[in-house]
Amino acid sequence: VTVRNDPGTPLPIADPALLRGLTQRRMGRRDFLRLAGLSGGAAGAAAVLAACGVSGAKKNTGGSTADAVSTYWAGKTQAGRLDFASWPLYMDVAANNKNDHPSLDLFTKQSGIKVNYKEVIQDVDSFFGTIQPSLAANQSIGYDLLVITNGLVLDKLIALGYLAPLDHSKLPTFAKNASPSVVNPSYDPKNAYTVAWQSGLTGIGYDPKRTGREITSYEDLFDPKFKGKVGMFGDNEDLPTLALVGMGIKPETATPDDWRKAAAKLKKQRDDGIVRKYYSQDYIDPLSKGDIWISMAWSGDIFQANASGANLKFVTPKEGSVIWTDNMCIPFHAAHPVDALTYMDFVYQPTVAAMLAEYIDYITPVPGAKEAILADAAKLTGADATALRELATDPLIFPSSAELAKAHRYQVLNAAQEKEWNSIFEPIYQA
Amino acid sequence: MGPSNLRRLKAAATPYFLILPGGLWLVIFFVVPMVVMLSISLQTGDLVNGFSQTFHFVSYWDALKTYHVQFLRSLEYGAAATIAGLVMAYPMAYWIAFHGGTRKSTYLFLILLPFFVSFVIRTVSWQFILADNGILFSHLKDWGLLPRDFHVLATSFAVVAGLTYNFLPFMVLPVYVALERVDPRLLEAATDLYANRRDVFVRVVLPLSLPGVFAGVLLTFVPATSDYVTASILGGTKTTMIGNIIQTTYLTNNDYPTAATLSFVLMAILLLGVFSYAKALGTEDVLEVAGA
């Protein structure tokens, strides 16, 4: 089933603030604790039981063969239903009804597939803890489409053979419109199992009033002038990867010796009292209130904090930044995989990507969405038009190719490497 | 079999039927997971290549060696929170028990009231109160009572304070129950026998309240030591507790054997502590409180 591109459907125009989701901060990208960790405890208990007797689970050695693709999709047909698991505030909403998602309505109208959309993912680790027992038992997890950040969990999902190999003959719109930054990514060669939902940059956020100067370099996070006022991420992906980038080392190909060098630098920063705290995703409040002046940060968070009144700046250090991508993927035993595949292609239409970008504030995988947004702006006047024009020219939503060239990916690690990596970096933020 | 035999049999079986639901519950949700966890703790491998039962006892030693700092810190924080809790809870419980009058239950309810809100939300709200330029410190700093750089968040003090706050009712309630049961006639008798107020307290009230203190200490120390929420919300760079390590090992690293090993070591340390404490204070008193 190919989805028709329907140029006749106008974009629903909302109140500009609501339109872009600016009144709410997107909650909970990763790790934390705050709420997720607690539920993670329960999920953990279930997974302990499931983990018992996991043996020889490895199924996948990377890539998918044409055979595997045709075998998987043979005989599978559209069911008219899609169960979609995603993150909070990661989908456009109608101005008058938060539970109505115009882009999903459009999808249903075009394809006849009803979408059961659930914002159940608060952090990758505990979500994986929840679904892992069913995946390991070769059962459906109740969702046909997941949004999972590239990184260690996605690597495991692929390595364990938990994801369906994608049939790219059914993804022509993706092939036509996807940004080069999300095509054939290092974590999923040839997009064998995933296509991008949205991406974001990890760089530095700061309060220019308090730092007293513009921030340009990764080294600024190590400036003794900011002693006790620096926030770093307490995670095993962004913290090490940005450190490697900051030291001029390509993280994708870094060696264990490089890891140790980066760890030594971070350890010194901690022991010199420069770091106040290793944050998980709760750094925006302390940054807005002045508990910290400068912090590692995600682009979209700073954008949204400013929209709700803060006066912060986001910068990608001159040494480079880290780019991460949240990816759509289909669990191998999904009940309605064809419907999920249809949706994956649907969101790569520039008009649809524009609807999403106008709300989400992260990097859209469809550069053509910029034209679509400008076309919408041309139909409007006043503040609405200005807001859309600003959005279309915002480098955090449509980064330049020079910016993207400086953005690095997490290293893909096998099980043994991951163990060593964790033993080097975790003691820094879990001292 | 005559009817009387049958009746006797029924009577003999009744207690077993009565403990059946609770017993089953314990077996399914406590004994089975414990055995499974023990088995996991002695496995080696990783999630992608699978885990196998290797009876790798060395991992216990490795876990202690790698994380002894966090183990010790958790015990210190737990002990500090318990002592601070006791110092605050005892006068509170004393006042409610002896001077609370007809409003005793209202006061107890007030102590419990904040605990109708989720643990996490309560801890996060301390973040707001204690923020460097938050409602509390911004004024004190403006008035020059505190140096500009002063901060409480992201220190071990904040973690211990958070733990103390979060587990305070677990100390107040048992101490209150013990004090409430003190027969007022004993106090009168002591006064009649020329004991001054200090003696009445030290020689009559305090010994009689010890079972409550004992229970309160256990109920505070065990959960405070294994807590991980408070440290991650209120703590700083070197305030990681063993609960945080277990969480990361489990959810982030998917290293189930190490997580299980750490949990067992923590449990063993706590049990050892509890037993030696019970030995020192006498187990009879514990049963008495449990029956109260």
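This structure is a prediction, so every number in the text was calculated from the model and none was measured. (Residues numbered from 1 in each chain as written. Chains lettered and ligands numbered in written order. Predicted model: local features only at pLDDT ≥ 70, side-chain atom pairs only at ≥ 80, totals over all residues. Heavy atoms only, no water.)

Within chain A one finds 18 helices and 10 strands. In chain A, which comprises 431 residues, the proportion classed as buried is 60%. For chain A, long-range pairs separated by at least 24 residues make up 81% of all intrachain contacts whose partners lie at least 6 apart in sequence. Only carbon and sulfur atoms are counted for the fraction: they give 55% of the accessible area of chain A, which is about 15700 Å². (Helix = DSSP H or I, 4+ residues; strand = E, 2+ residues; numbered from the N terminus. Buried < 20%, exposed > 50% of the residue type's maximum accessible area, 1.4 Å probe, protein only. Contact = heavy atoms within 4.5 Å. Areas by Shrake-Rupley, 256 points an atom, 1.4 Å probe, with all protein chains shown as cover.)

The secondary structure content of chain B amounts to 12 helices and two strands. For chain B, the succession of helices and strands along the chain, N to C, is α-β-β-α-α-α-α-α-α-α-α-α-α-α. Here the C-alpha atoms of chain B give a radius of gyration of 24 Å, more than 25% beyond the 19 Å that 2.2 N^0.38 yields for 292 residues. Once the C-alpha set of chain B is aligned to its principal axes, its extents read approximately 85 × 75 × 35 Å. For chain B, the residues scored as buried account for 43% of the 292 residues in total. In chain B, the proportion of contacts linking residues at least 24 apart, taken out of those at least 6 apart, comes to 69%. Counting only carbon and sulfur atoms, one obtains 71% of the accessible surface of chain B, whose full area is about 16000 Å². Distance between charge centres in chain B, computed from 17 positive and 16 negative side chains, equals 7 Å. (Rg over C-alpha atoms; globule rule 2.2 N^0.38 Å. Lys, Arg positive; Asp, Glu negative; His and termini not counted. Charge placed at Lys NZ, Arg CZ, Asp CG, Glu CD.)

Our focus in this paragraph is the pairing of strand S1 (residues 43-46) of chain B. Residues and elements named next belong to chain B. Both S1 and strand S2 (residues 50-53) contribute to a ladder of four bridges, which runs antiparallel. If you follow Gln-43 over to S2, its bridge partner there is Gln-53. Hairpin connection of S1 to S2: three residues between the antiparallel strands. (Pairing = 2+ DSSP bridges.)

Even without a glycine there, the phi angle at Asn-191 of chain A is positive, about 50°. Here Asn-191 of chain A is to be found in the loop between helix H7 (172-177) and strand S4 (194-206). You will see that Phe-55 of chain B, though not glycine, has its phi angle at about 50°, which is positive. Checked against the element boundaries, Phe-55 of chain B lands in the loop between S2 and helix H2 (58-99).

Here the focus is the interface of chain A and chain B. Every contact between the two is made by 48 residues of chain A and, on the other side, 47 residues of chain B. When the two sides are added together, the surface that chain A and chain B hide from each other amounts to roughly 3900 Å², 54% of it contributed by carbon and sulfur. Inspection of the chain A/chain B interface yields three salt bridges. Inspection of the region where chain A meets chain B yields 15 residue pairs in polar contact (both at pLDDT 80 or more). (Buried area = accessible area lost by both parts, 1.4 Å probe. Salt bridge = Lys/Arg side-chain N within 4 Å of Asp/Glu carboxyl O. Polar contact = N/O pair within 3.5 Å; in protein donor to acceptor, adjacent residues only side chain to side chain.)

Our focus in this paragraph is the pattern of salt bridges. One pass over the full model with this rule turns up 23 salt bridges over all chains. Among the salt bridges present, the one from Arg-81 of chain A reaches Asp-83 of chain A, with a minimum N-O distance of 2.8 Å. With relative accessibility at 6%, the residue Asp-83 of chain A sits in the buried group. Close ionic contact of Asp-199 of chain B with Arg-198 of chain B constitutes a salt bridge, the shortest N to O distance being 3.7 Å. For Asp-199 of chain B, a relative accessible area of 22% corresponds to the partly exposed category. Residue Arg-198 of chain B is classed as exposed on the basis of its relative accessible area, which comes to 58%.

What follows is about the nonpolar core. Counting 158 residues, the largest nonpolar core has Trp-197, Met-232, Met-328, Ile-330, Tyr-343 and Tyr-348 of chain A as the members making the most contacts within it. Those residues in contact with Tyr-343 of chain A, other than ones at most four positions away along the chain, are Leu-82, Phe-84, Met-91, Leu-104, Phe-107, Leu-145, Trp-197 and Met-328 of chain A. Listed in part, the 21 residues of the second largest apolar core include Ala-89, Leu-108, Tyr-176 and Val-213 of chain B. (Core = buried A, V, L, I, M, F, W, Y, C linked by side-chain atoms within 4.5 Å.)

Moving on, we come to the environment of Tyr-162 of chain A. Residue and element names in this part refer to chain A. Mapping Tyr-162 onto the fold places it in the loop between helix H6 (152-159) and H7. Through-space distance from the C-alpha of Tyr-162 to that of Tyr-410 is 21 Å; in sequence the pair is 248 residues apart. Beyond its immediate stretch of four places on either side in the chain, Tyr-162 contacts Gln-132, Leu-135, Ala-136, Leu-157, Ile-330, Pro-331 and Phe-332.

Looking now at the packing of aromatic side chains. Overall, the coordinates contain 34 aromatic pairs over all chains when judged by the stated rule. Taking the centre distance of 6.1 Å and the plane angle of 50° together, the rings of Phe-109 of chain B and Phe-116 of chain B count as tilted. An aromatic cluster is defined as three or more aromatic residues linked by ring pairs; in this entry it consists of Phe-84, Tyr-90, Phe-107, Tyr-117, Trp-197, Tyr-343 and Phe-346 of chain A. Geometry around Phe-222 of chain A places Lys-265 of chain A over its ring, the cationic atom sitting 4.3 Å from the centre. (Phe/Tyr/Trp six-rings, centres within 6.5 Å; stacked < 30°, edge-to-face > 60°. Lys NZ or Arg CZ within 6 Å of the ring centre and 35° of its normal.)

As a further point, take a nonpolar patch on the surface. All names here are of chain B. Together, Phe-17, Leu-20, Leu-24, Trp-25, Leu-26, Val-27, Ile-28, Phe-29, Phe-30, Val-31, Val-32 and Val-35 line one region of the surface with nonpolar side chains, adding up to about 1200 Å² of accessible area. Structurally, Val-27 is set in helix H1 (residues 3-41). Overall, the relative accessible area of 41% leaves Val-27 in the partly exposed class. (Patch = residues over 30% accessible without salt bridge, like charges linked within 9 Å, V, L, I, M, F, W, Y side chains within 5 Å.)

The next point concerns the confidence of the model for chain A. Looking at chain A, pLDDT values average 86 and 85% of them are 70 or higher. The low-confidence segment residues 1-56 of chain A, where pLDDT is below 50, has 150 contacts with residues more than four positions distant or belonging to other chains. (pLDDT = per-residue confidence, 0-100.)

Roughly 75° is the biggest bend found in H2 of chain B, and it falls at Tyr-67 of chain B. Gly-101 of chain B lies just past H2 of chain B and shows a positive phi near 55°. (Bend = angle between axes of the 7 residues up to and from the residue.)

All names here are of chain A. Turning to helix H15 (residues 369-379), its buried residues number three or more, namely Ala-369, Ala-372, Ile-373, Asp-376 and Ala-377. Take H15 and look down its axis: the buried residues cluster within an arc of 145°, on one side only. Set apart from the buried face of H15 by more than 90 degrees, the exposed residues are Glu-371 and Ala-378. Residues of H15 that are buried sit in contact with helix H14 (350-360) and helix H16 (382-392). (Arc of directions from axis to C-beta.)

So, on to the environment of Ile-397 of chain A. Residues and elements named next belong to chain A. Relative to the helices and strands, Ile-397 is located in the loop between H16 and helix H17 (401-405). For Ile-397, a relative accessible area of 0% gives the class buried. Through-space distance from the C-alpha of Ile-397 to that of Lys-156 is 29 Å; in sequence the pair is 241 residues apart. In this view, Ile-397 contacts Phe-303, Asp-361, Tyr-362, Ile-363, Thr-364 and Leu-391; residues no more than four positions away in its chain are not counted.

All names here are of chain B. As a packed pair, H2 and helix H3 (residues 104-112) sit with axes 9 Å apart at the nearest point and diverge in direction by 155°. Classified by the angle their axes make, H2 and H3 are roughly antiparallel. In this structure, H2 crosses over H3, and the sense of that crossing is left-handed. Where H2 abuts H3, its residues Met-92, Trp-95, Ile-96 and Ala-97 lie against Lys-104, Tyr-107, Leu-108 and Ile-111. Here the residues of the contact of H2 with H3 are counted per class, giving seven nonpolar, no polar and one charged. (Axes fitted to C-alpha atoms, helices over the stretch in contact; angles between N-to-C directions. Parallel < 35°, antiparallel > 145°, perpendicular 65-115°, else oblique. Left-handed = near helix turned anticlockwise from the far one by under 90°. Nonpolar A, V, L, I, M, F, W, Y, C, P; charged D, E, K, R; others polar.)

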